[in-house]
Amino acid sequence: MAPKHLEHLAEIPLFSALSKRDLGRIAKASNEITVAPGHVLVDQGDAGREAFLIVDGTATVKRNGRKVGTLKAGDSIGELALLDHGPRTATVTADTELTALVLSAREFAGVIEEVPGLAQKLLGQLAARVRELDRQIYG
């Protein structure tokens, strides 16, 4: 796996506390895909079954049909779906030819079972994100 992929994985908030070795295991469980411009990676409301990490290209994020952002290399899509299979909160469409790492919830669950302490690190990271959102909302 290219060192750049590990760098990108480390930038995902959910994975930021992980060691290079743990990130390497996650990278190994992922597949690289390339899609054409206009390809819909995730559709708002659908159940989430995988996460994407953009390696190259850009994508548009729309919520309720309104553009809310643009994603580029290093950005991730749907990592919380790895934990809860919850509905997608936005539609993400490739603007350009786009290369991404895809990690399915099933492969991710396998990595969590194989790597001691990984679940604990992920829970800590998730708790930190919840606290940060709480602080932003309630002060």
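Residues numbered from 1 in each chain as written. Predicted model: local features only at pLDDT ≥ 70, side-chain atom pairs only at ≥ 80, totals over all residues. Heavy atoms only, no water.

**A word on the overall build of the chain**
Okay, so step 1: Scanning the chain from terminus to terminus reveals 5 helices and 8 strands.
Okay, so step 2: In the chain, the order of α-helices and β-strands from amino to carboxyl end is α-α-β-β-β-β-β-β-α-β-β-α-α.
Okay, so step 3: Compactness check: the chain gives a C-alpha radius of gyration of 15 Å against a globular reference of 14 Å for 139 residues, within 12% of the reference.
Okay, so step 4: Each principal axis of the C-alpha atoms in the chain carries an extent, and together these give about 40 × 40 × 25 Å.
Okay, so step 5: When each of the 139 residues of the chain is scored for burial, the buried share is 38%.
Okay, so step 6: Across the chain, the fraction of contacts at a sequence separation of at least 24, relative to all contacts at a separation of at least 6, is 74%.
Okay, so step 7: Accessible area of the chain: about 8,000 Å², with a carbon and sulfur share of 52%.
Okay, so step 8: In the chain, 17 side chains carry a positive charge and 18 a negative one; their mean positions are 4 Å apart. (Helix = DSSP H or I, 4+ residues; strand = E, 2+ residues; numbered from the N terminus. Rg over C-alpha atoms; globule rule 2.2 N^0.38 Å. Buried < 20%, exposed > 50% of the residue type's maximum accessible area, 1.4 Å probe, protein only. Contact = heavy atoms within 4.5 Å. Areas by Shrake-Rupley, 256 points an atom, 1.4 Å probe, with all protein chains shown as cover. Lys, Arg positive; Asp, Glu negative; His and termini not counted. Charge placed at Lys NZ, Arg CZ, Asp CG, Glu CD.)

**So, the sheet that holds strand β4 (residues 59-63)**
Okay, so step 1: What the 4 strands build is an open sheet, ordered β2-β7-β4-β5; its pairing is antiparallel. Edge positions in the open sheet fall to β2 (40-42) and β5 (66-71), since each of these has one partner strand only. This sheet shows a mean twist of 30° between the axes of neighbouring strands, independent of strand direction.
Okay, so step 2: As defined by bridge partners, β2 adjoins strand β7 (residues 91-94) across 2 bridges and the pair is classed as antiparallel. (Pairing = 2+ DSSP bridges. Axes fitted to C-alpha atoms, helices over the stretch in contact; angles between N-to-C directions.)

**What to know about the pairing of β4**
Okay, so step 1: Note: β4 against β5, 5 bridges, orientation antiparallel. Bridged to Arg63 within β5 is Arg66.
Okay, so step 2: Here β4 hands over to β5 after 2 residues, with Asn64 in that stretch at a positive phi of 50°.
Okay, so step 3: Examined bridge by bridge, β4 and β7 share 4 bridges and lie antiparallel to one another. Directly across from Lys62, in β7, lies its bridge partner Thr91.

**Some remarks on the sheet that holds strand β6 (residues 76-77)**
Okay, so step 1: Pairing within the open sheet is antiparallel, and its 4 strands lie in the order β1-β8-β3-β6. Across the chains shown, the open sheet's two edge strands, defined by having one partner strand only, are β1 (31-35) and β6.
Okay, so step 2: In the sheet, strand β3 (residues 50-56) pairs with β6 via 2 bridges, with the strands oriented antiparallel. By the bridge assignment, Phe52 is partnered in β6 with Ile77.
Okay, so step 3: Across the sheet, helix α4 (residues 105-114) lies against β1, β3 and β8 (98-104), angled at about 60° from β8, the strand it touches most.

Purely spatial values, then, with no claim about function.
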